[in-house]
Amino acid sequence: MSVDTDAVLDWFADAARDLPWRRPECTPWGVLVSEIMLQQTPVARVEPIWHEWLTRWPKPSALAAAAQGKVLRAWGKLGYPRRALRLHAAAEAIATEHGDVVPSDVDTLLALPGIGAYTARAVAAFGYGKRCPVVDTNVRRVVARAVHGAGDAGPASNTRDMSDVDALLPAADEPAARLSAALMELGALVCTARNPRCVDCPIVADCAWQRAGRPEYSGPAKPVQRFAGTDRQVRGLLLDVLRGTAEPVPKARLDTAWSDAGQRDKCLDSLLVDGLVEQTADGRFALPGEHA
DNA sequence: CAACCGTGGTA
DNA sequence: TTACCAAGGTT
């Protein structure tokens, strides 16, 4: 059997969270900003920042006009700050090349920085009500269980994953877009990675994982993301120093952020390469674009 | 395809 | 406490 999409839609109508980027008055720009912020970052941490951004920069050209440093400060501690720079660059492209209108076409969206297979389709579906397979980690888990009877999704395979989801979508745009949101919500609220709440699941009766006796995940071991002591942590500490000061700082100030000088310098260099940090004419360091 | 890119909450 | 997890994208 397949997935009872009507049951999922009924459940969604009743159980969906009232998230601001799902409201009818939310623009495609608001949807795009939310999708970028939500990449690997939980809803609870995104919501307040999203409100600040949409108030401050209600359309792409407004964000494009802001200095990169201001954008990075407003990004705060959402993590992966390169997302903020890419969103800024995407806003510039939208403002100058697309008449300040977020594209609705998946291929056009894919050409923008920071927008990949998931985000392009999420914007098309949630911003414009289009029918296209929106595959995120939640949807992959739901499909792995309900359709394939596996305990969890294995490594992502873009083509196969999108094909699986496409097969579930109704033919018409509106219900297909709504189902895409519903499948994500099901994975986020019920069919969760740990301790799934199967008693609350609208499709438990047809779930292949249930029928198979809820087997444990048997795929290849998932790589563990370490953080302590990594360059990621050091870069974060360095950037946090610069976020905390209005004026450029001397290198000695950055040297206090991490004891290992070799790793520290390597990370500072990578931040410069990434454009997350800028060096002023007098040799101090700052967030980009705030001190010509 | 695997590694890398931040940060904080939770079990 | 450690380990896992969170609406991914780029190289």
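Located above this text is the structure these notes cover.
The present account deals with the structure reproduced in this document. Values in this document were obtained by computation on a predicted structure and should not be read as measured data. (Residues numbered from 1 in each chain as written. Chains lettered and ligands numbered in written order. Predicted model: local features only at pLDDT ≥ 70, side-chain atom pairs only at ≥ 80, totals over all residues. Heavy atoms only, no water.)

### Looking at the nonpolar core
1) Next: Judged by nonpolar contacts, the single largest core of 88 residues is most densely connected at W29, L32, M37 and W53.
2) Next: Of all the elements, helix α11 (residues 173-189) adds the most residues to this core, at eight residues.
3) Next: Taken together, domain 1 (5-128) and domain 2 (231-286) each give at least three residues to this core, which thus spans both.
4) Next: Contact partners of M37, with chain neighbours within four places excluded, come to V46, I49, W50, W53, W75, L78 and R83. (Core = buried A, V, L, I, M, F, W, Y, C linked by side-chain atoms within 4.5 Å. Buried < 20%, exposed > 50% of the residue type's maximum accessible area, 1.4 Å probe, protein only. Helix = DSSP H or I, 4+ residues; strand = E, 2+ residues; numbered from the N terminus. Domains from an automatic or database assignment. Contact = heavy atoms within 4.5 Å.)

### Regarding the environment of H88
1) Next: As for its position among the elements, H88 is in helix α6 (residues 82-97).
2) Next: Taking the C-alpha atoms as reference points, H88 and A65, 23 residues apart in sequence, are found 9.0 Å from one another.
3) Next: From its side chain, H88 meets the backbone oxygen of A66 in a polar contact 2.8 Å long. (Polar contact = N/O pair within 3.5 Å; in protein donor to acceptor, adjacent residues only side chain to side chain.)

### So, the protein's contact with DNA strand B
1) Next: Around DNA strand B lies a shell of 17 residues, among which P81, Q225, F227, R235 and G236 are the nearest.
2) Next: Considering DNA strand B, the proportion of its atoms within 4 Å of the protein that are sugar or phosphate atoms stands at 59%.
3) Next: Within the side chain of T41, an N or O atom sits 3.0 Å from a base nitrogen of DNA strand B.
4) Next: Between R232 and DNA strand B, the recorded distance is 3.3 Å, taken from a side-chain N or O atom to a base nitrogen.
5) Next: A per-class count over the surface near DNA strand B returns four nonpolar, five polar and eight charged. (Near = heavy atom within 4 Å. Nonpolar A, V, L, I, M, F, W, Y, C, P; charged D, E, K, R; others polar.)

### So, the protein's contact with DNA strand C
1) Next: Neighbouring DNA strand C are 27 residues; W21, L38, T119, N138 and V224 lie closest to it.
2) Next: Near the protein, within 4 Å, the atoms of DNA strand C are sugar or phosphate in 67% of cases.
3) Next: Contacts to DNA strand C include E35, whose side-chain N or O atom sits 3.3 Å from a base nitrogen.
4) Next: Note that a sugar or linking oxygen of DNA strand C is positioned 3.0 Å from one of the side-chain N or O atoms of N138.
5) Next: When residues of the surface near DNA strand C are traced back to their parent elements, those giving at least two are α8 (117-128), α9 (137-146) and α11.
6) Next: Of the residues belonging to the surface near DNA strand C, the class tally is 12 nonpolar, seven polar and eight charged.

### Here's the deal with the pattern of salt bridges
1) Next: Across all of its chains, the model carries 20 salt bridges by this definition.
2) Next: When the shortest N-O distance is used, the salt bridge between D152 and K222 registers 3.2 Å. Taken as a pair, D152 in the loop between α9 and α10 (158-166) and K222 in the loop between α12 (208-211) and α13 (231-243) lie far apart in primary sequence, 70 residues in all.
3) Next: On the accessibility criterion, D152 (16% relative accessible area) is buried.
4) Next: Note that D282 is salt-bridged to R284, the shortest N-O span being 3.0 Å.
5) Next: Through salt bridges with shared partners, a single network forms among K251, D255, R264 and D265. (Salt bridge = Lys/Arg side-chain N within 4 Å of Asp/Glu carboxyl O.)

### So, the packing of aromatic side chains
1) Next: This model, assessed by the stated rule, comprises three aromatic pairs.
2) Next: A ring pair is formed by W53 and W75, whose centres lie 5.7 Å apart and whose planes are at 70°; its orientation type is edge-to-face. In this pair, W53 sits in helix α3 (residues 43-56) while W75 sits in helix α5 (residues 68-75), placing the two residues 22 residues apart along the sequence. One exposure class covers both W53 and W75, and it is buried.
3) Next: A connected cluster of aromatic rings, assembled from ring pairs, spans W53, W57 and W75.
4) Next: If you follow R145 out to its NZ or CZ, it ends over the ring of W209, 4.7 Å from the centre. (Phe/Tyr/Trp six-rings, centres within 6.5 Å; stacked < 30°, edge-to-face > 60°. Lys NZ or Arg CZ within 6 Å of the ring centre and 35° of its normal.)

### Things to note about helix α15 (residues 261-274)
1) Next: For α15, spanning 14 residues, the distance from its first C-alpha to its last is 20 Å, which sits close to the expected 20 Å at 1.5 Å a residue.
2) Next: Among the residues making up α15, those that are buried are Q263, R264, C267, L268 and L271. The buried residues of α15 occupy one face: seen down the axis, they fall within an arc of 135°.
3) Next: Of the surrounding elements, those touching the buried residues of α15 are α13, α14 (251-255) and β2 (285-286).
4) Next: One side-chain oxygen of the residue at the start of α15 lies 3.0 Å from the amide nitrogen of G262, identifying that residue as D260.
5) Next: A positive backbone phi angle near 80° is found at G275, which sits one or two residues after α15. (Expected span 1.5 Å × (residues − 1). Arc of directions from axis to C-beta.)

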